[in-house]
Amino acid sequence: MGLILALDTTSELGGVALYDGGRDALSETPIHSPEGFGHILFDRIAQLLDREGVGVEQIDCFAAASGPGSFTGVRLGLTAAKGLAEAASRPVVAVSNLRVLASLGTSDLRATVLDARRGEVFGAVYDAGLTEVQKERVLTFTAWLAGLPAGVSEFIGTNMAVFSNALDAGGFGGVRVIEVRGTLAGAVARIAHHDFVQGRAVDPVAVDANYVRRSDAELLWTDR
């Protein structure tokens, strides 16, 4: 039950995905677009739906990665998902990028991290059920490490190599590190399906972006 169309436009490695929860079938189209997604997103959505023989009216729920990420990219993906949902009279699920990263881990306690620029990171900690154990926050990587709860046994991010020295210095040198590459659209779709089935999808007008530190969103990200 539940056909989900998910979008990820939060970084230049974005994508669109169609997930059929009843059959556990995922179709995903990566999109590498350093110049942004506004000029190609709806064409790629149409191509994916045509390929799978699905009409917009058949989608049960729309979803989008909600950030943190590129300010313009986050807004574009959410706006597209909300517009499609409103046109089809369907609900929306917005999924935090940090929670999406956590879904790609394997440990009981997972620390997820994204570069926030200006010498800081976005970080959070989740359990195996993707429940937030430590709230999403923005601060320096060293300060974030120092405040992590006991039991963290896995770090997940999109550019973990730059943090290797800090992990060693912070006493986490032997902890498992997962480097995530490519689009998060498929993972967004799977999480959105779970939330949809659990009754957590909402009216499109209730959906907003996840900037973690909203007042600094435009300063932290230089949009292309």
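Above this text sits the structure in question.
Residues numbered from 1 in each chain as written. Predicted model: local features only at pLDDT ≥ 70, side-chain atom pairs only at ≥ 80, totals over all residues. Heavy atoms only, no water.

Q: Could you clarify how one ought to interpret the overall build of the protein in this entry?
A: Each helix and strand in the protein was counted, giving seven helices and ten strands. Radius of gyration (C-alpha) of the protein: 17 Å, near the 17 Å computed for a compact globule of 224 residues. Principal axes of the C-alpha set define a box for the protein whose edges measure 50 × 35 × 30 Å. Split into buried and exposed, the 224 residues of the protein put 53% on the buried side. Nonlocal contacts in the protein, meaning residues at least 24 apart in sequence, comprise 60% of its contacts between residues at least 6 apart. Taken as a whole, the protein presents about 10,000 Å² of accessible surface, with 50% of it coming from carbon and sulfur. Side chains of the protein give 19 positive and 27 negative charges; the mean places of these two sets differ by 2 Å. (Helix = DSSP H or I, 4+ residues; strand = E, 2+ residues; numbered from the N terminus. Rg over C-alpha atoms; globule rule 2.2 N^0.38 Å. Buried < 20%, exposed > 50% of the residue type's maximum accessible area, 1.4 Å probe, protein only. Contact = heavy atoms within 4.5 Å. Areas by Shrake-Rupley, 256 points an atom, 1.4 Å probe, with all protein chains shown as cover. Lys, Arg positive; Asp, Glu negative; His and termini not counted. Charge placed at Lys NZ, Arg CZ, Asp CG, Glu CD.)

Q: Quick question: what am I supposed to make of the packing of aromatic side chains here?
A: Given two aromatic rings, one states the distance between the centres and the angle between the planes to describe the pair. Applying the stated criterion across every chain yields a total of five aromatic pairs. Between Phe 141 and Phe 163 the ring centres are 4.2 Å apart and the planes differ by 15°, which places this aromatic pair in the stacked class. Here Phe 141 is found in helix α4 (residues 141-146), whereas its partner Phe 163 is found in the loop between β9 (154-157) and α5 (164-169), with 22 residues between them in sequence. On the basis of relative accessibility, which here comes to 7%, the residue Phe 141 falls in the buried class. Given the relative accessible area of 10%, Phe 163 is considered buried. Aromatic pair Trp 144 and Phe 155: ring centres 6.1 Å apart, planes at 75°, arrangement edge-to-face. With Trp 144 in helix α4 and Phe 155 in strand β9, this residue pair connects regions lying eleven residues apart in the sequence. Accessibility assignment for this pair places Trp 144 and Phe 155 in one class, buried. Every member of this aromatic cluster is reached through a ring pair, and the members are Phe 141, Trp 144, Phe 155, Phe 163 and Phe 172. (Phe/Tyr/Trp six-rings, centres within 6.5 Å; stacked < 30°, edge-to-face > 60°.)

Q: I would appreciate a short explanation of the sheet that holds strand β3 (residues 25-32) in the present structure.
A: Strand pairing in a sheet relies on backbone hydrogen bonds. The paired strands run either parallel or antiparallel. What the five strands build is an open sheet, ordered β3-β2-β1-β4-β5; its pairing is mixed. For this open sheet the edge positions go to β3 and β5 (92-95), each flanked by a neighbour on one side alone. Geometrically, the sheet is characterised by an average inter-axis angle of 15° between neighbouring strands, direction not taken into account. In this sheet, β5 lies alongside strand β4 (residues 61-65) in parallel orientation, the contact comprising four bridges. Bridging from a neighbouring strand, Ala 63 pairs with Val 93 of β5. With respect to the sheet, helix α2 (residues 71-88) is in contact with β1 (3-8), β4 and β5, its orientation differing from that of β4 by roughly 175°. (Pairing = 2+ DSSP bridges. Axes fitted to C-alpha atoms, helices over the stretch in contact; angles between N-to-C directions.)

Q: It is not clear to me how the nonpolar core should be interpreted in this structure. Could you clarify?
A: The nonpolar side chains of a soluble globular protein tend to be buried with one another. Grouped together as the largest cluster of nonpolar side chains are 31 residues, with contacts concentrated most on Ile 4, Ala 63, Val 95, Leu 98, Val 100, Leu 101 and Val 188. At the level of elements, β1, β2 (13-20), β4, β5, α3 (97-103), β6 (109-117), β7 (120-127) and α6 (185-197) are the ones that each hand at least two residues to this core. Leu 49, Leu 78, Ala 80 and Ala 209 belong to the second-largest nonpolar core, a separate cluster that totals 27 residues. (Core = buried A, V, L, I, M, F, W, Y, C linked by side-chain atoms within 4.5 Å.)

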